[in-house]
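Spelled out from the first residue to the last, the chains are:
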Amino acid sequence: MARELTEVGVVGLGTMGAGISEVLARAGLSVTAVDVDDEATARGRAHIEQSTERALTRGKLESAERDEILGRIRYSTSLEDLAAAELVIEAVPERLELKTEIFGKLDAICPPDTILATNTSSLSVTELSVATARPSRVIGMHFFNPAPVMKLVEVVRTVVTEPSVVEDVEALAARLGKVDVTIGDRAGFIANALLFGYLNHAVSMFEARYASREDIDAAMRLGCGLPMGPLALMDLIGIDTAYEILDTMYKQSRNRLHAPAPIIKQMMTAGLLGRKTGRGFYSYA
Ligand code: CAA
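Residues numbered from 1 in each chain as written. Predicted model: local features only at pLDDT ≥ 70, side-chain atom pairs only at ≥ 80, totals over all residues.

Novice: Teacher, can you tell me more about the overall build of the chain here?
Specialist: Secondary structure assignment for the chain yields 11 helices and 8 strands. For the chain, the spread of C-alpha atoms along the principal axes amounts to about 55 × 45 × 35 Å. The buried share of the chain, taken over its 285 residues, is 46%. If you take every contact in the chain between residues at least 6 apart in sequence, the share linking residues at least 24 apart comes to 66%. (Helix = DSSP H or I, 4+ residues; strand = E, 2+ residues; numbered from the N terminus. Buried ≥ 20, exposed ≤ 12 C-beta atoms within 10 Å, placed from the backbone. Contact = placed C-beta atoms within 7 Å.)

Novice: Would you explain the sheet that holds strand S5 (residues 115–118) in this entry?
Specialist: In a beta sheet, neighbouring strands are held together by backbone hydrogen bonds and run either parallel or antiparallel to one another. A sheet is described by the order of its strands in space; here 8 strands give the open sequence S3-S2-S1-S4-S5-S6-S7-S8, paired in mixed fashion. Edge positions in the open sheet fall to strand S3 (73–76) and strand S8 (179–183), since each of these has one partner strand only. Across the sheet, the mean angle from the axis of one strand to that of its neighbour is 25°, orientation sign disregarded. (Pairing = 2+ DSSP bridges. Axes fitted to C-alpha atoms, helices over the stretch in contact; angles between N-to-C directions.)

Novice: What should I look at first to understand helix H6 (residues 163–175) in this one?
Specialist: Spanning 13 residues, H6 covers 18 Å between terminal C-alpha atoms, matching the ideal 18 Å at 1.5 Å per step. Within H6, burial applies to Val-165, Asp-168, Val-169, Glu-170, Leu-172 and Ala-173. Those residues of H6 that are buried are in contact with S5, strand S6 (138–142), strand S7 (152–156) and S8. Just past H6, the residue Gly-177 takes up positive phi, approximately 80°. (Expected span 1.5 Å × (residues − 1).)

Novice: Help me understand the site of the ligand, please; the structure alone is not making it clear to me.
Specialist: The environment of the ligand is made up of 18 residues, and the closest members are Ser-121, Phe-144, Asn-145, Pro-146 and Pro-227. Breaking the shell around the ligand down by element, the ones donating at least two residues are helix H2 (38–57), helix H7 (191–207) and helix H9 (230–237). (Near = placed C-beta within 6 Å.)

Novice: Even after reading the chapter, I still don't get the domain arrangement of the chain, so can you show me in this structure?
Specialist: Accessible area lost upon the coming together of the parts is a frequently used measure of interface size. Here the domain parsing of the chain yields domain 1 (7–183) and domain 2 (192–277). Taking the mean C-alpha position of each, domain 1 and domain 2 sit 26 Å from one another. Listed by partner, the interface residues are 6 residues for domain 1 and 10 residues for domain 2. Residues belonging to the side of domain 1 that touches domain 2 are distributed by class as follows: 1 nonpolar, 4 polar and 1 charged. (Domains from an automatic or database assignment. Nonpolar A, V, L, I, M, F, W, Y, C, P; charged D, E, K, R; others polar.)

Novice: Sorry, what's going on with the packing of helix H10 (residues 239–253) against helix H11 (residues 262–269) here?
Specialist: Running from N to C, H10 and H11 point in directions that differ by 135°, and their axes come no closer than 9 Å. Between H10 and H11, the angle falls in the class oblique. Remark: the crossing between H10 and H11 carries left-handed chirality. Where H10 approaches H11, its residues Ile-239, Asp-240, Ala-242 and Tyr-243 are matched on the opposing element by Ile-264, Lys-265, Met-267 and Met-268. Each residue belonging to the contact of H10 with H11 can be placed in one class, and the counts come to 6 nonpolar, no polar and 2 charged. (Parallel < 35°, antiparallel > 145°, perpendicular 65-115°, else oblique. Left-handed = near helix turned anticlockwise from the far one by under 90°.)

This is the structure:
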């Protein structure tokens, strides 16, 4: 019988962490959302308020419901506030040293039966698990952007993840209204392993001036029925996140498909990170 989780924590309130916090609060869970400073928590809060406001305007939420959802999220700049969490989902940038450090700290703060989950999309969950004294209670819980909309959660079990932890996380995914696929620990899991070769190829096509960004995107939307073209999707994912995912997959597989197209790094250095900075392959008002 799966454990019904009620108290959860989220670490990192970027696009994914904020979206995940919203999804958890919408399902009635009590969320402690942590980021490094007041500016970062304010940005996360604004993201969640905007997203729930949009749902309100579209008639998908009543204002009392919206207030309840927002009231279930407590913001903090201290990991110590996660001492009562039954599950913590880490969603900080895709850098192994940063995530390892956070897992070590969470291990010291949270009770031994707390499940420590990572939203990593390409790093090794196994490597993160051994930064703790509870590798059997560490798992991957990979959401997709925008988290409130996309239905999939990839549940990543390592060779030592306890079956009951997998069961608890699968049950939570169902409670969140998501569909889960449960897989082993391999770079990119299923979706990113398949998606990023395609995105990288689209960027190379644009970089070689073979076709305009609009034509590349139109071809995939109108010719293949995808909701978004690849360059618009790169902007949604974030150019920095896309670079980190490609770079990690390339280092693991040495598959040229994943060698990041040079323009991705250049855009990252120039701060053209996509929607979140107002400019990427496209500009956003
Ligand atoms: N946050 C919350 N809700 C959002 C949202 C956001 N950022 N963006 C859109 N929505 C909601 C809208 O409110 C709307 O909700 P209702 O239907 O309930 O009214 C719904 O999504 C559709 O939105 P729109 O009508 O504005 O726009 P759309 O129909 O063009 O859909 C989209 C937007 C959902 C983003 C769609 O274009 C899409 O599915 N794109 C592909 C996204 C995708 O592939 N994501 C995966 C990226 S890979 C990843 O995330 C993995 C990783 O590790 C990087």
